[in-house]
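# Close look at the chain arrangement
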Amino acid sequence: MDISSVQKLCIHLISSAVQRCRLSEGLCRLSVVLKSSPPIIRVSISDTGTGSCLEEFQDLKCNREGIGTEKWDGLLSIKTTSISDNKIYHYHLNLRGSVSARRLTRLPSIPKNDAKFSGTEVCLSISETIDALLKDIKHYFQKMLILKIPVSSTATLMPFICTQNDMVRNLYFNETFLKSVAAELVIERGDASGLRCENVFLPNECSPLNFSSSNVERLKSGLEEYVLKHRNSLNNKCDSCFCSREKLKISSGVASSMESHRSPGLIVEAVIAISELPESLCFRSSGNKTEVLHFKDFSPSSVSIASLNALTSIDWRSYGLTLVSAVDQVDHALIEWESLPPYLHIDMVIHCYHKQYPGKYKYQPDRHLIKKGVKLALDDLKEKHTGLLLSAHAVKICSYAPDLASSIAGIILSSNDLKFRSKCSTLLELSQSQAIGKQTVEDRIKEKIISVIETNDRKPEKIKEAAPFLFEDDRPQDLDPADLYLEEHAGGGNVFSFPD
Amino acid sequence: MDDLSKSSMKFFSDQQLCFADILLPHEVQARIQVAVLNFLKILSSPDPEISDLPLINRKSSNSRVSEGILTDVSWIFLSHSFCSRSLMKANATKAFIRVWKVMEMCFEFLTQEKRVTQRELFYKLLCDSPHYFSSQLQVNRTIQDVVALLRCSRYSLGIMASSKGLVAGRILLQEPNQEAVDCSACGSSGYAISGDLNLLESLIMKTDARYIVVVEKHAIFQRLAEDHVFNQIPSILLTAKGYPDIATRFLLHRMSRAFPDLPILALVDWNPAGLAILSTYKFGSIGMGLEAYRYACNVKWLGLRGDDLQLIPQQSLAPLKPRDLQIARSLISSTTLQDNYRQELAVMMQSGQRAEIEALYSNGYDYLGKYLAKKIVQANYI
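About the cut-offs
Residues numbered from 1 in each chain as written. Chains lettered and ligands numbered in written order. Predicted model: local features only at pLDDT ≥ 70, side-chain atom pairs only at ≥ 80, totals over all residues. Heavy atoms only, no water. Helix = DSSP H or I, 4+ residues; strand = E, 2+ residues; numbered from the N terminus. Contact = heavy atoms within 4.5 Å. Buried < 20%, exposed > 50% of the residue type's maximum accessible area, 1.4 Å probe, protein only. Areas by Shrake-Rupley, 256 points an atom, 1.4 Å probe, with all protein chains shown as cover. Core = buried A, V, L, I, M, F, W, Y, C linked by side-chain atoms within 4.5 Å. Axes fitted to C-alpha atoms, helices over the stretch in contact; angles between N-to-C directions. Parallel < 35°, antiparallel > 145°, perpendicular 65-115°, else oblique. Left-handed = near helix turned anticlockwise from the far one by under 90°. Nonpolar A, V, L, I, M, F, W, Y, C, P; charged D, E, K, R; others polar. UniProt positions renumbered as here; feature names shortened; annotations may be inferred. Phe/Tyr/Trp six-rings, centres within 6.5 Å; stacked < 30°, edge-to-face > 60°. Lys NZ or Arg CZ within 6 Å of the ring centre and 35° of its normal. Domains from an automatic or database assignment. Buried area = accessible area lost by both parts, 1.4 Å probe. Salt bridge = Lys/Arg side-chain N within 4 Å of Asp/Glu carboxyl O. Polar contact = N/O pair within 3.5 Å; in protein donor to acceptor, adjacent residues only side chain to side chain. Arc of directions from axis to C-beta. Expected span 1.5 Å × (residues − 1).

### Structural notes on the overall build of chain B
A tally of helices and strands in chain B yields 15 helices and 17 strands. Overall, the C-alpha framework of chain B stretches about 75 × 55 × 50 Å when taken along its three principal axes. The contacts of chain B with a sequence gap of at least 6 include a subset with a gap of at least 24, amounting to 76%.

Laid out in structure tokens, this is it:
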């Protein structure tokens, strides 16, 4: 893959490290160390995940148009070992050289002496300001929080033996950010004040996820925290806005495609969070917009055309929403809605990944799969929360409910037949006392009608059957739409007065 | 006709008949109550829905003809095809609610034992629910929906049809406990037919006429009444001033049963609309098909007919209008039209012309009476 900047290169290397950690069975640690001695930064990314294979690094392409030679010399120093290896392999890889010269330099291996561990360390030197790099790395880690990659059931940390120079030091164990990956970001600034370790990365609360939670459960939990922290603008959950959990409604949908010889199995997970908050001090209304975060193979990704197409082709009207536009904003897609209620906010995250890792990532999920995933999430939301995302049609029909209820209540209350009235009271679950006012009856009928409309709005169109008829012995023979009476006698207008 | 529905000997075609019962107020209220109970039952059921309203289809596709076998009267009736009004159909929601609103209002009137006209009902609904009712036509249509839903006659709902009909001629009509009215002495305006069907039912009728003449237009009726044509040929004159309303047809039907030997002859304009009016007296209508079949009478077409055209000057012929053609088309497609009527209609269409009865005046003001008398005596009617 093409690398176009040092930031992207570093992010890519960290991302690979995360994937390796994800694949390993146990609790891992990831460490990113930035040693700054201006103008050079020595970046060291180490993890205790599965050992890496060289193809990962050799596949990186770096041409002169991307990263200039003054920023990076093209050299990667790699140390890696798998659980089954009995040595730690050490390489230097020069990505700048021409094909033949782009050679691996094998350096002497380091014996493991029967210790069982795995890990990788990648080092490189770049010329960049530390703040620019830091910003991107922090942003990456914050996004990764949403994924909440699984935690191991074994709580023990793999012991890591320190060997000489540049292997990850057995530093203090921080709170996990990826729940199985104890991660730390260490910055050592070589300046007048000497060596300073800044642990930039902040702990977060434990939440009740365990190893057996599915990926989508984690994604839900991650998005929930993201929203509760006001989209990562806070470090902790905001207590004043979300004092009750009901204010935040989350649902998910998973769509997967079959594996075949032509394409790998793909999974699309979509999570949608709807928060209903009245205006509060800390909540700045972001208007009618939704940022759709995208992840691909457990890593933050850019927005694909397929995804934009999927988002624009969904029938939002059946969920009571109207889409104005969906735009690619590089690291997320921005959806603009036409008139959301002012207190309502929608957040969305879409994660596409291959069932098998590693693999050749040639196939992108098509828009049908993404659309299916998002629709499943929307339907799930509607299913779990009555009255949410009511289609425009249902809202319109609900507006007629008071008048219908009023008519029926009128009939009931103007009847002198006591048996009839008491039967109606029973059906409406009202008390049998005579003193029930019209308003009570009317309100009860209205409630029932609205609840039926809302419930039935959730059913997909296909299974909606014709409503039962009012008089049971009538069976329809054909259902023509109601017709104009006058059609039969077209002359019933001006020439002849209407028959009484 | 009513006897037929009660008789144990039901023809196959009668099983297909859907009719509106003539019911007492409390019976209609009972049906409305059943409607409410069923609606609530389905609304509160474990699998709740908002029930649709099944209405008998008032379309030609649902109309059938009962050919007169034992009698010489054929009639149109409606069969068991339904259309439904649903709350959930986006454009039909208001129509659905209109039916309920009319039912509510009728229920109230029935409790108070009041009778209202369609016009009064319209104004009441307009005040009550202006969003739903915007015209008399809509109200009338909704009333027919309620008739089709509850299968009871409009009159049973407490809605009186205001009548336009007039009677003149050699007949005595007596309301119970009132003086008899001699319709030959009513002058040119005749006796106004009430819209109250119960009252019409209770009228005591006596006549020495030999014919009943149904006249399309008021002006012609007035002319004939003024000229005392009914004395020259003993007859009864009847008009609905155009398209016949239920009350007029009701009375005509009563007369035809009370005086079965009197042929009923129709005097209409020579155009498709005139034939349509004749057909309505003769067979009933689809629009009120659940009730109208009861009042079908064996009406014969006296004039104007194709062979009368020689009696009128060429200039008095006018071209057929698009409306006329529409009516003609729907008449042709109706199964009830007998062949000789079809032929007349075909001639009308081919010539593209129409003629009014008044055209006969070109031969003199008293010509109409003579024309009528001559045709009757010659039994020149089909």
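Structure shown, so let's carry the discussion forward.
### What about the overall build of chain A?
Across its full length, chain A holds ten helices and 14 strands. Taking all 500 residues of chain A together, 49% fall into the buried category. For chain A, contacts bridging at least 24 residues in sequence account for 70% of all contacts bridging at least 6. Accessible surface, chain A: about 24,400 Å² in total, of which carbon and sulfur atoms supply 54%.

### Section: the nonpolar core
Formed by 77 residues in total, the largest nonpolar core has its most connected members in Val167(B), Ile171(B), Leu224(B), Leu237(B), Leu252(B) and Met255(B). Leu237(B) has contacts with Leu166(B), Val167(B), Ala168(B), Val213(B), Val215(B), Phe221(B), Leu224(B), Ala225(B) and Phe230(B), leaving out every residue within four places of it along the chain.

### Structural notes on the packing of helix 11 (residues 272-283) of chain B against helix 14 (residues 339-351) of chain B
Residues and elements named next belong to chain B. At a minimum axis separation of 11 Å, helix 11 and helix 14 run at an interaxial angle of 160°. The orientation of helix 11 relative to helix 14 falls into the category roughly antiparallel. The element helix 11 and its partner helix 14 pack so that their crossing is left-handed. On the side of helix 11, the interface is formed by Pro272, Leu275, Leu278 and Lys282, while helix 14 contributes Tyr341, Leu345 and Met348. Here the contact of helix 11 with helix 14 is built from residues that sort into six nonpolar, no polar and one charged.

### With respect to the UniProt feature "domain: Spo11/DNA topoisomerase VI subunit A N-terminal" (unreviewed entry) in chain B
If you check UniProt for "domain: Spo11/DNA topoisomerase VI subunit A N-terminal" (unreviewed entry), the listed places come out as residues 95-159 of chain B in our numbering. Helix makes up 68% of residues 95-159 of chain B and strand 5%, whereas the separation of the span's terminal C-alpha atoms amounts to 20 Å.

### What to know about the packing of aromatic side chains
All names here are of chain B. As enumerated under the stated definition, the model contains eight aromatic pairs over all chains in all. Taking 5.7 Å as the distance between ring centres and 45° as the angle between the ring planes, the aromatic pair formed by tyrosine 361 and tyrosine 365 counts as tilted. Under the relative-accessibility criterion, tyrosine 365 is labelled exposed at 62%. Above the plane of the ring of tyrosine 132 lies lysine 94, whose end atom (NZ or CZ) is 6.0 Å from the centre.

### Regarding the domain arrangement of chain B
Residue and element names in this part refer to chain B. If you check the domain split of chain B, you get domain 1 (25-50 + 86-160) and domain 2 (166-378). Spacing between the C-alpha centres of domain 1 and domain 2 amounts to 34 Å. If you look at the interface, domain 1 gives eight residues, while domain 2 gives nine residues. Summed over the three residues of domain 1 that lose the most area to domain 2, namely Gln144, Arg154 and Tyr155, the buried surface amounts to 58% of that side. In this structure, the connection of domain 1 to domain 2 is made through zero salt bridges.

### Observations concerning the domain arrangement of chain A
All names here are of chain A. Split into domains, chain A comes out as domain 1 (2-200), domain 2 (215-384) and domain 3 (392-490). For the pair domain 1 and domain 2, the summed buried area comes to about 1,700 Å², and 61% of that belongs to carbon and sulfur atoms. Summed over the shared surface of domain 1 and domain 2, the number is zero salt bridges. For the interface between domain 1 and domain 2, the tally reads one residue pair in polar contact (both at pLDDT 80 or more). For the side of domain 1 that touches domain 2, the element with the highest residue contribution is helix 3 (residues 130-147), accounting for eight residues. Residues of the side of domain 1 that touches domain 2, tallied by class, amount to nine nonpolar, four polar and three charged.

### Regarding the pattern of salt bridges
Overall, the coordinates contain 21 salt bridges over all chains when judged by the stated rule. The salt bridge partner of Lys384(A) is Asp380(A), with a shortest N-O separation of 3.3 Å. Separated by four residues within a single helix, Lys384(A) and Asp380(A) lie in helix 6 (residues 367-384), roughly one turn from each other. Given the relative accessible area of 22%, Asp380(A) is considered partly exposed. Of the charged contacts in the structure, one is a salt bridge between Arg31(B) and Asp21(B), with a shortest N-O distance of 2.7 Å. Of this pair, Arg31(B) sits in helix 3 (residues 25-43) while Asp21(B) sits in the loop between helix 2 (12-15) and helix 3, and the two are ten residues apart along the sequence. Each of Lys217(B), Asp269(B), Asp324(B), Arg354(B), Glu356(B) and Glu358(B) takes part in a single network of salt bridges with overlapping partners.

### Section: the side chain of Ser307(A)
Residue and element names in this part refer to chain A. By the element assignment, serine 307 lies in helix 5 (residues 305-313). Among the residues examined, serine 307 registers a relative accessible area of 0% and is labelled buried. Beyond its immediate stretch of four places on either side in the chain, serine 307 contacts His294, Ile350 and Ile370.

### Points about helix 5 (residues 118-128) of chain B
Residue and element names in this part refer to chain B. Inspection of helix 5 places Gln118, Leu121, Phe122 and Leu125 among the buried residues, and these make up the whole buried set. All buried residues of helix 5 lie within an arc of 105° about the axis, which places them on one face of the element. Where the residues of helix 5 are buried, they touch helix 4 (93-112), strand 5 (116-117), helix 6 (136-150) and strand 6 (159-160).

### Brief notes about unusual backbone geometry
Residue and element names in this part refer to chain B. Here glycine 303 and leucine 304 are connected by a cis peptide whose omega angle stands at -15°. Along the polypeptide, leucine 304 turns up in the loop between strand 15 (299-303) and strand 16 (318-319). At glutamate 113, a residue that is not glycine, the phi angle is positive and equals roughly 55°. Checked against the element boundaries, glutamate 113 lands in the loop between helix 4 and strand 5.

### Some details on the environment of Ile171(B)
Residues and elements named next belong to chain B. As for its placement among the helices and strands, isoleucine 171 is situated in strand 8 (residues 171-174). Considering only alpha carbons, one finds isoleucine 171 and alanine 379, 208 residues apart in sequence, at a separation of 22 Å. Other than its neighbours up to four places away in sequence, isoleucine 171 contacts Val181, Asp182, Cys183, Met205, Lys206, Thr207, Ile236, Met255 and Phe259.

### A few points about the environment of Ile130(A)
Residue and element names in this part refer to chain A. With respect to the helices and strands, isoleucine 130 occurs in helix 3. On the accessibility criterion, isoleucine 130 (9% relative accessible area) is buried. With 269 residues separating them along the chain, isoleucine 130 and serine 399 place their C-alpha atoms 59 Å apart.

### A look at helix 8 (residues 401-413) of chain A
Given a rise of 1.5 Å per residue, 13 residues ought to cover 18 Å, and the 18 Å separating the end C-alpha atoms of helix 8 of chain A matches this to within 8%. By the criterion of burial, helix 8 of chain A is predominantly enclosed, with ten of the 13 residues buried. For helix 8 of chain A, the complete set of buried residues consists of Ala401(A), Leu404(A), Ala405(A), Ser406(A), Ser407(A), Ile408(A), Ala409(A), Gly410(A), Ile411(A) and Ile412(A). Here the buried face of helix 8 of chain A lies against helix 7 (392-398), helix 9 (418-427) and helix 10 (438-458) of chain A together with helix 3 and helix 4 of chain B.

### What about the packing of helix 9 of chain A against helix 3 of chain B?
As a packed pair, helix 9 of chain A and helix 3 of chain B sit with axes 10 Å apart at the nearest point and diverge in direction by 15°. Here helix 3 of chain B runs roughly parallel to helix 9 of chain A, going by the angle between their axes. Every pair of crossing elements has a handedness; the one defined by helix 9 of chain A and helix 3 of chain B is left-handed. Across the interface between the two elements, Phe420(A), Lys423(A), Cys424(A) and Leu427(A) from helix 9 of chain A touch Gln33(B), Val36(B), Leu37(B), Leu40(B) and Lys41(B) from helix 3 of chain B. Looking at the contact of helix 9 of chain A with helix 3 of chain B residue by residue, the classes come out as six nonpolar, one polar and two charged.

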